[in-house]
Amino acid sequence: MSTQIKELKNSIVLENEFVKIELSRKDAEVLSVIDKRDNKNIVSEEKAYFFHFIDVEKNVVPVKAISFKDGVFTLEAEKGKSDIRVDVFDNHFVLEVISKSLPSGVDGIVFGNVKFNYEYKDKTSLIAGGVSMTINTNPNFFPSGKDREVMASAFDRLGGINGAKFGFTVSTRAEFKNSLKDICSKIDPQKGLVSKNAGPWSQDFVRSSGDYIITARSNLEYIEANMQYFKDLGVDQIDFHKGAFTTRQGDFKQMNYKDDKEFCEKVSGPLRENGMESGLHTYAFYIDPTCHDLLEKRSVRDMLATTEEFTLSEDISADDDVFHINESILDLSCYYGFFSKDMPYAIIGDEIVYMVIDKSVDKTIKVGRGYCGTKASAHKKGEKIYRIRGYFNEFAPKLDSELYYDVAHMTAKTYNDGNYTMIYLDAIDGLCKTYDLDRDDRWYYGARFVHEIVRNCKIDPMIEFSDMYPSIWAARARAGAADTPFRAYKNWNYSHHLSLLNDQSMHYGAVLG
């Protein structure tokens, strides 16, 4: 039998068509990985534990022992245990955590961790890669084979560990992409990221290698006047960048048309008839301050992220344009640039105000009243003022809030109703800086946001991102857009070419144009 889990006295062996992976019963150390073609051991000399825990300081905590019964591995810890189901297939392995919580004293669980010593540039060697199959699973590495390591992790504080699921393959280059497709085909789209236009299918998808332009205008006159020019350039995709002349970020109101249906009738439909696709270029989860229909709602304002907090030191009327507060403003940031999380807006009661910080008079804030669709009103001494947090001159919803995911749902609705085929999630690179988030945690919140978009799209979108990490790999269809003013410089084109080769190794469609 070529596909099995075999128990030995001191070890347990996972075997499929390509490899035998031997694990120590004592601590789950990977003892060997045997390439079945020539019986060569391709495990790294650097020790790796197939199963282990992580403490709060991100240190490896080996298991005390492992046992196996009826397809389930039990991992013994100092204060408890965890169970993981393992299924072996011809060209891949699938692991799923079936415990509801972690043992006491640990922060996370790692499963499927194997380090290899194969030579990646050797076209005859086996290579390895893994894919997260649920949103609460961090795959840690891109499935290109270059890292020579596979590993999944899950955390109680990031979506919980129950149901965390990971698939990995160790296979020949000829079989590698098909193996990744087999893994992704087993993903439940309601639980994990999967798109038949992205990930391992990306290079099979013709449009992922199309040429597109980014424009900040969607009015009919502009489209009609430039249609032939776009054709002459070989453009087959037009990416409509969010803004005052396309769609408004946050609620995605069509600024030139009554609604998405009219945009479809007058723009995306005719473009498709002329061989061109339409892209929805968003700023991810952010909300434009001009989204008055949203921001006038108290429930929405309550879900905006905030930074500093102030307290009124006296009553104010609806007409007052100066707030007296208890706190000093002398150390308050007054930089409101594109790359600042400090916004000049604040929330007090049912009102949003615009703040002007004048440090010559401490404990006072000059304000413009009744902004963002709200109305100026009187406020009592002791009321709190909350400075709105944002980035890229946009408001940010509270991380992991209902509003955070509502923006994803509105993105999917506009994509569906507007007959778009592409989504560019720009500004998703602001996730860590906006929320002071540890970069090691962005994988979860980024993946959850993207998942809410993809699972609500009627047709799998061709997605591109302004940032990239392994947990959202399966949703990306193309790469290589160069966000730079340089054009036709030989050194730049060569550098771009090298980056595209790396993109292609991760199975994305990528073009120099």
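Above: the structure in question.
Residues numbered from 1 in each chain as written. Predicted model: local features only at pLDDT ≥ 70, side-chain atom pairs only at ≥ 80, totals over all residues. Heavy atoms only, no water.

J.: Quick one: what's the story with the overall build of the chain, residue by residue and with numbers?
T.: Helix and strand counts for the chain come out as nine helices and 29 strands. Computed over C-alpha atoms, the radius of gyration of the chain comes to 26 Å, within 12% of the 24 Å expected from 2.2 N^0.38 for 513 residues, which places it in the range of a compact globule. The buried share among the 513 residues of the chain stands at 56%. Contacts spanning at least 24 positions in sequence make up 68% of the contacts within the chain whose residues lie at least 6 apart. (Helix = DSSP H or I, 4+ residues; strand = E, 2+ residues; numbered from the N terminus. Rg over C-alpha atoms; globule rule 2.2 N^0.38 Å. Buried < 20%, exposed > 50% of the residue type's maximum accessible area, 1.4 Å probe, protein only. Contact = heavy atoms within 4.5 Å.)

J.: Give a description of the layout of surface pockets that names residues and reports values.
T.: If a probe the size of a water molecule is rolled over the atoms, the empty space left behind becomes visible. Roughly 430 Å³ of volume is contained in the second largest pocket. Surrounding the second largest pocket, 22 residues form its lining, Asn138, Asn140, Ser153, Phe155 and Asp440 being those nearest its centre. Among the secondary structure elements, those contributing two or more residues to the lining of the second largest pocket are β6 (51-54), β14 (149-155) and α8 (442-454). In terms of residue count, β14 provides more of the lining of the second largest pocket than any other element does, three residues in total. (1 Å grid on protein atoms, 1.4 Å probe; cavity = no way out; pocket = protein on both sides within 12 Å on 5 of 7 lines; lining within 4 Å. Points joined across faces, edges and corners; volume = space filled by probe spheres on them.)

J.: Lay out empty space enclosed by the protein in plain terms, naming residues and giving numbers.
T.: Evaluation of the coordinates by the stated rule reveals two cavities of 30 Å³ or more. Along its surface, the largest cavity is lined by Gly130, Val131, Ser132, Pro139, Leu193, Pro470, Ser471, Trp473 and Ala474. In this structure, the second largest cavity spans a volume of roughly 30 Å³. In this structure, the second largest cavity is lined by Ala128, Gly129, Gly130, Pro139, Phe141, Phe142, Pro143, Glu149, Val150, Met151 and Phe166. For the lining of the second largest cavity, the elements supplying multiple residues, two or more each, are β13 (127-132) and β14. Broken down by class, the residue content of the lining of the second largest cavity amounts to eight nonpolar, two polar and one charged. (Nonpolar A, V, L, I, M, F, W, Y, C, P; charged D, E, K, R; others polar.)

J.: Give me the lowdown on the sheet that holds strand β12 (residues 108-115), citing residues and values where you can.
T.: Reading across from one edge, β7-β6-β12-β14 is the order of the four strands in this open sheet, with antiparallel pairing throughout. The open sheet terminates on both sides in strands that have one partner only, identified here as β7 (60-62) and β14. The sheet shows a mean angle of 30° between the axes of neighbouring strands, taken without regard to direction. Sheet analysis places β6 next to β12, joined by four bridges and oriented antiparallel. Paired with Ile54 across the strands is Gly108, a residue of β12. (Pairing = 2+ DSSP bridges. Axes fitted to C-alpha atoms, helices over the stretch in contact; angles between N-to-C directions.)

J.: I'd like a rundown of the environment of Thr74, residues and numbers included.
T.: With respect to the secondary-structure elements, Thr74 resides in strand β9 (residues 72-77). Taking the relative accessible area as the measure of exposure, Thr74 reaches 15% and is therefore buried. Along the backbone, Thr74 and Asp460 are 386 residues apart, and their C-alpha atoms lie at a distance of 38 Å. Ignoring anything within four residues of it in the chain, the contact list for Thr74 reads Ala65, Ile66, Ser67, Lys81, Ser82 and Asp83. Side chain to side chain, Thr74 and Asp83 meet in a polar contact 2.8 Å long. (Polar contact = N/O pair within 3.5 Å; in protein donor to acceptor, adjacent residues only side chain to side chain.)

J.: Tell me what's going on with the side chain of Glu394, and back it up with residues and numbers.
T.: Here Glu394 is to be found in strand β25 (residues 394-395). Engagement of the side chain of Glu394 in a polar contact is seen with the side chain of Lys242, the distance being 2.6 Å. If we skip the residues at most four places from it in the chain, Glu394 touches Lys242, Gln249, Tyr283, Tyr286, Ile287, Asp288, Pro289, Met343 and Arg389.

J.: Explain the environment of Leu14 residue by residue, including any values.
T.: Relative to the assigned elements, Leu14 resides in strand β2 (residues 11-15). Taking the C-alpha atoms as reference points, Leu14 and Tyr444, separated by 430 residues in sequence, lie 29 Å from one another. Residues contacting Leu14, with those up to four places away along its chain left out, are Gln4, Ile5, Val19, Lys20, Ile21, Phe50, Phe73, Val86 and Phe93.

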